[in-house]
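Listed below are the residues making up each chain.
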Amino acid sequence: MSESEIKKVKLETAEGKSLLNSFEFVRVLNENNLSKLVIILALNKLENKNGVVIFEKPHFGQNDIKSMLETNSPFEMDIQNDIYNKFKIFPPNPYNSIQVQLIYPATEQHIQKYSMQQMLFVSETAEDYANLTLKFIDQTQLNLNWVYNILEHKKESERIIYEDADPVNGFILLPDMKWDGQVENLYALAIVHQKNILSLRSLNAQHLPLLQNVRDKCYAALKEKFGIRREQVRAYVHYQPSFYHFHVHLSHIKYQSPAMPDRNIPLSQVINNLTFYPDYYQQSTLEMVIKKDDKLYDLYKHKFD
C-alpha cells in the first residue's frame, strides 16, 4: 500500500463532518465503557472501501468543569429526591466534543487489530520467534509509511515534543493519537530513528546507549514541557507490539489505557536485563498475548492442543 493510500488522522474540527459523512456504519468492532470509547467498521459509500473509526469522549479537564459550571446550558431532569438530583446537561462547544480517529482505507489487518477477540497467553521461545513469529511479521506487517513520515518530518512535525536527530541513538518523541491533551492523561511515543530494530526481540547490549538515551531525554523533555516528574511517568514497551518499528510508550501514571496491560514491559526492566545478560531477549522465552482470530494464533495453535 502506497503512502497516498493510507491516512491516519485525528478529527477534532469541522473537517470531521465532511470526512465522516461519506461513511456508513457497518458494525461495532470493539468498545470500552470505562474509557467511553467505541470502535466501528464503516464503509466509504463513494469509494467502496473500509475504514476504522474510533470515537472517544475526552477526559474532563479542570478548566472545562469550571467553565461548565459558569455556562447556562440546557438541561433535562432525570431524578429529584430530597437532596439528590440527577440530570443531563447539553453544553455548547467546545465542551461537547468527541475525539475521533479515522484509519482509511483500512486493511484486514487493521480490522483484526481493532476487533474484540478472545485473548490467550502463549510462551514464545527463541526458536518459536525465529521459526513462527518472524514469518508472521513478514506476512502481515502493517504499512509503516506513517512512521517514516514522522521520522522524515513529512507529517506531524508540529506535534513533536522532542527530537534527538542522532541516526544511531536518536528518536522522536510525540503524543500518541489517543492523547486527549490533558496532562494527567499524557500518552506519548518515542520512535527511534534506527529502522532495523523490529521489537524487543531485536535488542541486545549494543542498544543500551539508545535505550538509556530515550529514557533520560524523554523524562527531561516531559518535565520541561509539561511539568511531569520522572516518578510520574510510565515508560514501557509492548510485546508483541502493534507495529514493528521499535518504539517506547510513555504515559502519565494516572492514565488508564484501554490497551492490554499484559503487553507492558517496563523500559527499566529491559535496560536491567540487557545490562546483566547482553542477549537476554534473543535467548529468553517470553510470555505474550495473542488474539484467537489473528494469523499469529494460527502459527501457535498447536500449543493449545
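Numbers given to residues run from 1 along each chain, matching the order in which its sequence is written. Owing to the predicted nature of the model, reporting of local features is limited to residues with pLDDT of at least 70; listing and counting of side-chain atom pairs is limited to 80 or more, with chain, interface and lining totals taken over all residues. In computing side-chain properties, one takes all heavy atoms of the structure into account and sets aside hydrogens as well as water.

## Notes on the sheet that holds strand S12 (residues 233-238)
Across the sheet, which stays open at both edges, the six strands sit in the order S9-S10-S11-S13-S12-S14 with antiparallel pairing between neighbours. Each edge of the open sheet is held by one strand with a lone partner, namely strand S9 (162-164) and strand S14 (264-266). Taking the axes of each pair of neighbouring strands and ignoring which way they run, one obtains an average angle of 30° across the sheet. In this scheme, strands are said to pair when DSSP sees at least two bridges between them. Helix and strand labels come from DSSP, where a helix needs a run of H or I of at least four residues and a strand needs a run of E of at least two; each type is numbered from the N terminus. The pairing of S12 with S14 spans three bridges and is classified as antiparallel. The residue of S14 that forms the bridge with valine 237 is isoleucine 265. Sheet strands touched by helix H7 (residues 267-276): S12, strand S13 (247-252) and S14. Its angle to S14, the strand with the most contacts, is close to 60°. With axes taken as lines fitted to C-alpha atoms, and helix axes fitted only over the stretch in contact, angles between N-to-C directions fall between 0 and 180 degrees. The contact definition used throughout considers only heavy atoms, calling two residues in contact when any of these lie within 4.5 Å.

## Comments concerning H7
Accessibility here uses a 1.4 Å probe with only protein chains present; expressed as a share of the type maximum, an area under 20% marks a residue as buried, one over 50% as exposed, and anything in between as partly exposed. Among the residues making up H7, those that are buried are Leu267, Val270, Ile271, Asn273 and Leu274. Down the axis of H7, the smallest arc covering the buried residues is 165°, so these residues share one side. Among the exposed residues of H7, those pointing more than 90 degrees away from its buried face are Ser268 and Phe276. In this structure, the buried side of H7 is in contact with helix H6 (208-226), S12, S13, S14 and helix H8 (280-283). Starting at the helix axis, one direction is taken to each C-beta atom, and the arc is that of these directions.

## Digging into the nonpolar core
General note: in soluble globular proteins, nonpolar side chains tend to be found buried as a group. One finds Leu173, Leu200, Leu250 and Val270 to be the most contacted residues of the largest nonpolar core, which totals 47 residues. The element best represented in this core is H6, accounting for eight residues. Among residues more than four places away in sequence, those in contact with leucine 173 are Ile160, Ile161, Tyr162, Ala188, Leu189, Ala190, Cys218, Ala221, Leu222 and Leu250. Among the buried residues, those of types Ala, Val, Leu, Ile, Met, Phe, Trp, Tyr and Cys that are joined through side-chain atoms within 4.5 Å form a nonpolar core.

## Concerning the confidence of the model for the chain
Each residue carries a pLDDT score, the predictor's own confidence in it, on a scale running from 0 to 100. Looking at the chain as a whole, the pLDDT averages 87, with 93% of positions reaching at least 70. The low-confidence segment residues 1-16 (pLDDT under 50) makes 39 contacts with residues lying over four places distant or belonging to another chain.

## Topic: the pairing of strand S6 (residues 84-89)
Bridging between strand S5 (residues 75-81) and S6 involves six bridges; their strand directions are antiparallel. Paired with glutamine 80 across the strands is asparagine 85, a residue of S6. The hairpin turn running from S5 into S6, its antiparallel successor, is two residues long, and aspartate 82 in that turn takes a positive phi close to 55°.

## Side note on the packing of aromatic side chains
The rule is short: rings of Phe, Tyr and Trp, with Trp giving its six-membered ring, pair when the centres are within 6.5 Å, and they are stacked under 30 degrees, edge-to-face over 60, tilted in between. Counted by the stated rule, this structure contains nine aromatic pairs. Both rings, one in tryptophan 146 and one in phenylalanine 243, keep their centres 5.0 Å apart while their planes meet at 70°; by these two values the pair is edge-to-face. Residue tryptophan 146 is located in helix H5 (residues 145-151), and its partner phenylalanine 243 is located in the loop between S12 and S13; the two are separated by 97 residues in the primary sequence. By relative accessible area, which is 6% here, phenylalanine 243 ends up buried. Between tyrosine 162 and phenylalanine 171 the ring centres are 5.8 Å apart and the planes differ by 40°, which places this aromatic pair in the tilted class. Of the residues examined, phenylalanine 171 reaches a relative accessible area of 0% and is grouped as buried. Within the aromatic cluster, the residues linked to one another by ring pairs are Tyr277, Tyr280 and Tyr281.

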